Amino acid sequence: MIQLDQLTKHFGAVRALDNLSLEVKEGVVYGLIGPNGAGKTTAMNILATLLLPDTGTARVGGRDVVQEPRVVRQLIGYMQDFFGVYDGLRASEYLDFFAAAYRIPVARRSQLIQDLLELVNLPDKGEVYVDTLSRGMKQRLALARCLVHDPPVLILDEPASGLDPRARAELKEIIRQLKHLNKTVLISSHILPELAEMCDEVAILDHGRLVTCGPVEEITRVSQGSRYLKVEVIERAQELVAFLNSQPAVSGVRVEGLSVKFFHLGDPVQQAQLLQNLVTAGWPVLEFGEVRRNLEEAFMAVTGEEGGVEDGA
Amino acid sequence: MELNPVLRKELYQRFRQSKTAWLLALYLLVLGGFVLAFIYLNWRYNQGYYQPGRSWEIFVILSVAQLVLLAFVVPGLTAGAISGERERQTLNVLLTTPLTHRGIVWSKLLASTAFMVIIILATLPLYGIVFMFGGIAPGQVLGMFGFFLLTMFLFAALGIACSSFFKRTGVSTVTSYGLVLALTGGTGFLIAFLNEVGKVNRPESMMNPGFLAWVVEILQEINPIFILMEILGEGGINTGVSLGLPYWGSYALFCIGVGVLLLIWSSHLLLPQRNSNRFNLK
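This report concerns the structure included in the present document. Only a predicted model underlies this, so the values are computations on that prediction, with no experimental measurement involved. (Residues numbered from 1 in each chain as written. Chains lettered and ligands numbered in written order. Predicted model: local features only at pLDDT ≥ 70, side-chain atom pairs only at ≥ 80, totals over all residues. Heavy atoms only, no water.)

1. Quick look at the overall build of chain A
Stage number 1. Regarding its fold elements, chain A presents eleven helices and 14 strands.
Stage number 2. Looking at chain A residue by residue over its 313 residues, the buried ones come to 55%.
Stage number 3. Element-wise, carbon and sulfur atoms account for 48% of the exposed surface of chain A, whose accessible area totals about 13000 Å². (Helix = DSSP H or I, 4+ residues; strand = E, 2+ residues; numbered from the N terminus. Buried < 20%, exposed > 50% of the residue type's maximum accessible area, 1.4 Å probe, protein only. Areas by Shrake-Rupley, 256 points an atom, 1.4 Å probe, with all protein chains shown as cover.)

What follows is the structure, given as structure tokens:
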């Protein structure tokens, strides 16, 4: 449903996208993850026909976004990370405005607006002025606006940004409903655990390049062939860091209490050798093994980040 | 046929505010009060008589006041039309709908000037008072309204163009006012200056024919103040040259031509895929 092929985009001297290629199949909720400047928003803006790529092609529903922008606009619902409001417009009028923009017949609009407000859990807010709604409600209204012309593809740039936990949970539920409606959803977020819960597949971007992509489970299990290991010791966990850093195929060492977690790029034989080295060196090892990674740890593994993931693209 | 959605939305937003009605009422109150006070004072001065010839003075004052109003209000109404959407982060969303960039620009223009058109039309009864006492030809009143509409279109197109070009409404507003001032006061000053330069060694009122005379002629046919003076029968500077069109023809041509060009440029600036850096999308 969405295809990016060798997409490159520069802003002056900055390369925002660097030969980015990825494919999103129909009915899939697809997450884009990446730190600031990773190129998530640029890729989304190209798909939304707001930007021209320097080279490469982008297609939605088989239609080229550069050659056929008008057709593509009918195929997508686009929501940017910041939801701007129109003062002095009611929620129903706001949706009616976009319905008119998409040339939905007047006779159909009233029922359509009511259905959409119900879908996003705002059934009684039709007569409320948009600027008086909470941020969470505005985001849901923006989602309803994206759906006004029933597009098969939704492009949602950081939809959970700035929402409180309750609003995030509601948004997540709506995205689940959209998946049941067989919508293809491209979504970016910095809240990785939530993205893992919402998405079928994810792509990790860094400096405009695709680092890795695939089903969430696969990404979290194997990231560039490394294993995520944990050594638990009875004491001297901090001192163990230096020892581990001196060992071959070890990177990204982090201490959590008496546990030390790290990435190991070696094969099982080398892994066994590492354990043997630890015991021989006299470290009081209580536990040694592979830990199941969450998406954030996978993200850090593949992008080489030591800190957390930042907001924005 | 349904009204353009952007225009409908803008009209909703502007005309449902009570301040729109209050502004209109206040404007009419001030102008109406002025006209009635002028008539009253004239009546008192002439011991119970009103000289119909004085209607002309009211007509002049009313018309100048309306032009000043246009120069102050129209740039303010239009300079934030596009940049305001950009600042509210609603422009990108609009540009991903099937609405055309041309449609968006024209709707913004119409919606922004609708309020001014209503204000000017609402002053018709005031002109009616002037008209009742005689001394003014119907053609002059119609000509004046045509002049207001043309001037409003030009000022509005200037505001929309600034609003499309600049990202910030503040910068757009200041530039719009600057351009309107340049068009009225700036060209006015230039006309007066060049006229004096052109009359060197020629004491009579006519300028020396030549390049300067052509410049002054062109400038005074695009300057709203000089056109207003022409409509009021005050006449302009005798340059001894002619553009071959009546003054209203060349002014109409200028306003419509420049206005349309500015609007085409504005809609070109809105082409979403060409202005990635200026839009500062992220």
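From this point on, the discussion continues.
2. Structural notes on the overall build of chain B
Stage number 1. Each helix and strand counted, chain B has 13 helices and zero strands in total.
Stage number 2. If you list the helices and strands of chain B from N to C, you get α-α-α-α-α-α-α-α-α-α-α-α-α.
Stage number 3. Evaluated residue by residue, chain B yields a buried proportion of 49% over its 282 residues.
Stage number 4. Sequence separation of at least 24 residues holds for 75% of the intrachain contacts in chain B that already meet a minimum separation of 6.
Stage number 5. Here chain B displays about 13200 Å² of accessible surface, and carbon together with sulfur accounts for 71% of that area. (Contact = heavy atoms within 4.5 Å.)

3. What to know about the packing of aromatic side chains
Residues and elements named next belong to chain B.
Stage number 1. For the structure on display, the rule yields 13 aromatic pairs over all chains.
Stage number 2. With a centroid separation of 5.6 Å and 35 degrees between ring planes, the pair formed by phenylalanine 147 and tyrosine 251 is classed as tilted. With phenylalanine 147 in helix α8 (residues 138-165) and tyrosine 251 in helix α12 (residues 247-270), this pair connects stretches of sequence that are 104 residues apart.
Stage number 3. With a relative accessible area of 3%, phenylalanine 147 lands in the buried category. (Phe/Tyr/Trp six-rings, centres within 6.5 Å; stacked < 30°, edge-to-face > 60°.)

4. Details of helix α7 (residues 124-132) of chain B
Residue and element names in this part refer to chain B.
Stage number 1. Looking at α7, one finds that the buried residues are Leu126, Tyr127 and Val130. Each buried residue of α7 sits inside an arc of 100 degrees when the element is viewed along its axis, so together they form one side. Relative to its buried face, α7 has exposed residues pointing more than 90 degrees away, namely Pro125 and Met132.
Stage number 2. The inward-facing, buried residues of α7 abut α2 (18-45), α3 (55-78) and α8.
Stage number 3. Positive backbone phi, at 80 degrees, marks glycine 134, one or two positions downstream of α7. (Arc of directions from axis to C-beta.)

5. A few points about the interface of chain B and chain A
Stage number 1. Counting residues at the interface gives 27 residues for chain B, matched by 39 residues for chain A.
Stage number 2. Between B:Arg8 and A:Asp96 there is a salt bridge; the shortest N-O distance is 3.1 Å.
Stage number 3. Inspection of the chain B/chain A interface yields six residue pairs in polar contact (both at pLDDT 80 or more).
Stage number 4. Those elements that place two or more of their residues in the side of chain B that touches chain A are α1 (5-15), α5 (91-95) and α13 (276-279) of chain B.
Stage number 5. In terms of residue count, α1(B) provides more of the side of chain B that touches chain A than any other element does, six residues in total.
Stage number 6. Broken down by class, the residue content of the side of chain B that touches chain A amounts to ten nonpolar, ten polar and seven charged. (Salt bridge = Lys/Arg side-chain N within 4 Å of Asp/Glu carboxyl O. Polar contact = N/O pair within 3.5 Å; in protein donor to acceptor, adjacent residues only side chain to side chain. Nonpolar A, V, L, I, M, F, W, Y, C, P; charged D, E, K, R; others polar.)

6. Describing the environment of A:His207
Residue and element names in this part refer to chain A.
Stage number 1. Mapped onto the fold, histidine 207 is located in the loop between β9 (201-206) and β10 (209-215).
Stage number 2. In this structure histidine 207 comes out as exposed when scored by relative accessible area, which is 52%.
Stage number 3. On a C-alpha basis, the gap between histidine 207 and alanine 16 in space is 6.8 Å, while along the polypeptide they are 191 residues apart.
Stage number 4. Residues within four places of histidine 207 in sequence aside, it is in contact with Arg15, Asp18, Gly37 and Ala38.

7. Observations regarding unusual backbone geometry
Stage number 1. Within the chain, A:Asn19 stands out as a residue other than glycine whose phi angle is a positive 50 degrees.
Stage number 2. Here A:Asn19 is to be found in strand β2 (residues 14-24).

8. Focus: the sheet that holds strand β3 (residues 29-33) of chain A
Residue and element names in this part refer to chain A.
Stage number 1. Taken in spatial order, the six strands line up as β6-β7-β8-β3-β9-β10 in an open sheet, and their pairing is mixed. A single partner strand is all that each edge strand has here, and the edge strands are β6 (76-79) and β10. With strand direction ignored, the average angle separating the axes of adjacent strands in the sheet is 15 degrees.
Stage number 2. Pairing of β3 with strand β8 (residues 184-188) involves four bridges; the strand directions are parallel. Among the inter-strand pairings, glycine 31 is bridged to a residue of β8, identified as isoleucine 187.
Stage number 3. Contacting β6 and β7 (153-157), helix α5 (residues 135-146) crosses the sheet at an angle of about 160 degrees to β6. (Pairing = 2+ DSSP bridges. Axes fitted to C-alpha atoms, helices over the stretch in contact; angles between N-to-C directions.)

9. Structural notes on the nonpolar core
Stage number 1. Grouped together as the largest cluster of nonpolar side chains are 147 residues, with contacts concentrated most on A:Leu141, A:Ile187, B:Met144 and B:Phe147.
Stage number 2. The element that contributes the greatest number of residues to this core is α8(B), accounting for 15 residues.
Stage number 3. For A:Ile187, the contacting residues outside a window of four places in its chain are A:Val29, A:Tyr30, A:Gly31, A:Leu32, A:Met44, A:Leu156, A:Pro159, A:Ile175, A:Leu195, A:Met198 and A:Cys199.
Stage number 4. Judged by nonpolar contacts, the second largest core, of 15 residues, contains A:Val241, A:Val250, A:Val260 and A:Phe262. (Core = buried A, V, L, I, M, F, W, Y, C linked by side-chain atoms within 4.5 Å.)

10. Points about the sheet that holds strand β13 (residues 259-264) of chain A
Residues and elements named next belong to chain A.
Stage number 1. Strands sit in the order β12-β13-β11-β14 across an open sheet of four strands; the sheet is antiparallel. The two strands at the open ends of the sheet, each matched to only one other strand, are β12 (250-256) and β14 (285-290). Strand-to-strand, the axes of this sheet are offset by a mean angle of 15 degrees, without reference to chain direction.
Stage number 2. Contacts from helix α9 (residues 237-245) reach β11 (227-233), β12 and β13 within the one sheet, and its direction differs from that of β12 by about 180 degrees.

11. Considering a nonpolar patch on the surface
Residues and elements named next belong to chain B.
Stage number 1. Together, Val64, Val68, Phe72 and Tyr177 line one region of the surface with nonpolar side chains, adding up to about 350 Å² of accessible area.
Stage number 2. Top element by residues in the nonpolar patch is α3. It accounts for three residues.
Stage number 3. Here phenylalanine 72 falls in the exposed class, since its relative accessible area comes to 56%. (Patch = residues over 30% accessible without salt bridge, like charges linked within 9 Å, V, L, I, M, F, W, Y side chains within 5 Å.)

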